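Residue-level structure breakdown
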Amino acid sequence: ALQEALKLFRILAKENPVAFEADLAMSLHNLGGYYIKIKNYEQAEAAYQETLTLSRKLANDNPPDFEADLALTLNNFGLLCINTGEFKQAETAFQEALTIFRKLAINNPAVFEDDLAKAINNLGVLYVDIKEFKQAETAFQEALTLYRKLVNDNPDAFEADLAHTLEYLGLL
């Protein structure tokens, strides 16, 4: 079904890019996530690379509508890169995602602080993997600050994330 949807969105986006490129990017993003789930990292990378190309174009043309999608794709691509041992690429992707999420969270914290905290936490996990423990601690402390605030506002939604970050920090 994902492949069929992707095929249709490719046709639609070719005929009417303005109306359907965002749908094509989301379809590719979803396919990349599916490939990660089944550990087909080569196909996941191809899907995310194509998503990033489209998402960068969309975010460049219309930042308010598409920057968040670009940041989310960068974050997920960073996770893929951790899984494939491409640590420098992961760091670059996370840093770019963080730049976008930080900006978005300043303007709309209720919507984007959760995404920002996740991306910071993912960067911390990367730093643990490459044995940069001081940088990992800094990242986890920043994520912890955000998660404490989020838990204060909505405990049911964010207590598990807070607990995971505390656990990561405790294992350093």
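Residues numbered from 1 in each chain as written. Predicted model: local features only at pLDDT ≥ 70, side-chain atom pairs only at ≥ 80, totals over all residues. Heavy atoms only, no water.

**Some words on the packing of aromatic side chains**
This is how the line gets drawn: What counts as a ring pair is set by centres within 6.5 Å for rings of Phe, Tyr and Trp (its six-membered ring), and what kind of pair is set by the plane angle: stacked under 30 degrees, edge-to-face over 60, tilted for all other angles. We count a stretch as a helix when DSSP gives it H or I for four or more residues in a row; a strand needs E for two or more, and each element gets its number in order from the N terminus.
Under the counting rule described, the total for this entry stands at two aromatic pairs. The interplanar angle of 50° and the centroid separation of 5.8 Å between the aromatic rings of Tyr 34 and Tyr 35 together place this pair among those described as tilted. Here the aromatic rings of Phe 140 and Tyr 168 are separated by 5.3 Å at their centres, their planes lie at 20°, and the arrangement is stacked. Taken together, the residues span a long stretch of sequence, with Phe 140 in helix H7 (residues 133-153) and Tyr 168 in helix H8 (residues 155-170) at a distance of 28 residues.

**Considering the packing of helix H2 (residues 17-37) against helix H4 (residues 63-84)**
As a reminder, the rule being used: An axis is simply a line fitted to the C-alpha atoms; with a helix, the fit covers only the stretch in contact. Between two such axes, the angle follows the N-to-C directions and lies from 0 to 180 degrees. For classification, angles of less than 35 degrees are called roughly parallel, those exceeding 145 degrees roughly antiparallel, those between 65 and 115 degrees roughly perpendicular, and all remaining angles oblique. Handedness of a crossing follows from how the near helix is turned relative to the far one, being left-handed for an anticlockwise turn of less than a right angle and right-handed for a clockwise one. The contact rule is simple, with two residues in contact once any of their heavy atoms fall within 4.5 Å.
It is the contact of H2 with H4, at a shortest axis distance of 11 Å, that shows an interaxial angle of 20°. If you check the angle between H2 and H4, you find them roughly parallel. Crossing geometry of H2 relative to H4 is assigned as left-handed. Contacts between H2 and H4 involve Ala 22, Met 26, His 29 and Ile 36 from the first element and Phe 66, Asp 69, Leu 72, Thr 73, Asn 76, Leu 80 and Asn 83 from the second.

**Considerations on the pattern of salt bridges**
The condition that has to hold: By salt bridge we mean one thing: a side-chain nitrogen of Lys or Arg within 4 Å of a carboxyl oxygen of Asp or Glu. Whether a residue is buried, partly exposed or exposed follows from its accessible area with a 1.4 Å probe, protein chains only, as a fraction of its type maximum: under 20%, in between, or over 50%, in that order.
Scanning the model with the defined rule gives 10 salt bridges in all. The partner of Glu 21 in a salt bridge is Lys 57, with the nearest N and O atoms 2.9 Å apart. Pair noted here: Glu 21 is in helix H2 and Lys 57 is in helix H3 (residues 41-61), with a separation of 36 residues, a long-range link. On the basis of relative accessible area, Glu 21 is assigned to the buried category, the value being 13%.

**Quick notes on H8**
One turn of the α-helix equals 3.6 residues, which is why residues spaced by three or four share an orientation. Defined as follows: Multiplying 1.5 Å by the helix residue count minus one yields the expected span of that helix. Directions are taken from the helix axis to each C-beta atom, and the arc is the one they span.
The terminal C-alpha atoms of H8, which comprises 16 residues, lie 21 Å apart, in line with the 22 Å expected from a rise of 1.5 Å per residue. Buried within H8 are the following residues: Phe 158, Leu 162, Thr 165 and Leu 169. Along H8, the residues classed as buried sweep out an arc of 65° about the axis, all on the same side. Across from the buried face of H8, at angles greater than 90 degrees, the exposed residues are Asp 156 and Gly 170.

**Describing the packing of helix H6 (residues 109-129) against H7**
Here is the rule we go by: Asp, Glu, Lys and Arg are counted as charged, while Ala, Val, Leu, Ile, Met, Phe, Trp, Tyr, Cys and Pro are counted as nonpolar; the rest, among them Gly, fall into the polar class.
Interhelical geometry of H6 versus H7 gives an angle of 155° and a closest axis separation of 8 Å. In terms of orientation, H6 and H7 fall into the roughly antiparallel class. With respect to the hand of their crossing, H6 and H7 are arranged in left-handed fashion. Every residue of H7 that contacts H6 at Pro 109, Glu 113, Asp 114, Leu 116, Ala 117, Lys 118, Ile 120, Asn 121, Gly 124, Val 125, Tyr 127 and Val 128 is listed here: Phe 133, Gln 135, Ala 136, Ala 139, Phe 140, Glu 142, Ala 143, Leu 146, Tyr 147, Lys 149 and Leu 150. The class makeup of the residues in the contact of H6 with H7 is 15 nonpolar, three polar and five charged.

**Digging into a nonpolar patch on the surface**
Inclusion rule: Without a salt bridge and with relative accessible area above 30%, a residue can belong to a patch; like charges are then joined within 9 Å and nonpolar side chains (Val, Leu, Ile, Met, Phe, Trp, Tyr) within 5 Å. We get accessible surface area from the Shrake-Rupley algorithm with a probe of 1.4 Å; when it comes to residues, only the shown protein chains can shield them.
A cluster of nonpolar side chains, namely Leu 2, Tyr 34 and Ile 38, defines an oily patch on the protein surface of about 260 Å² accessible area. Looking at where Tyr 34 falls in the secondary structure, it is placed in helix H2. We classify Tyr 34 as partly exposed; its relative accessible area is 39%.

**Considering unusual backbone geometry**
Phi at Lys 39 takes a positive value of approximately 65°, unusual for a residue other than glycine. Looking at the element boundaries, Lys 39 is found in the loop between H2 and H3. Residue Lys 131 is not a glycine yet carries a positive backbone phi of 60°. Note that Lys 131 resides in the loop between H6 and H7. We classify Lys 131 as exposed; its relative accessible area is 61%.

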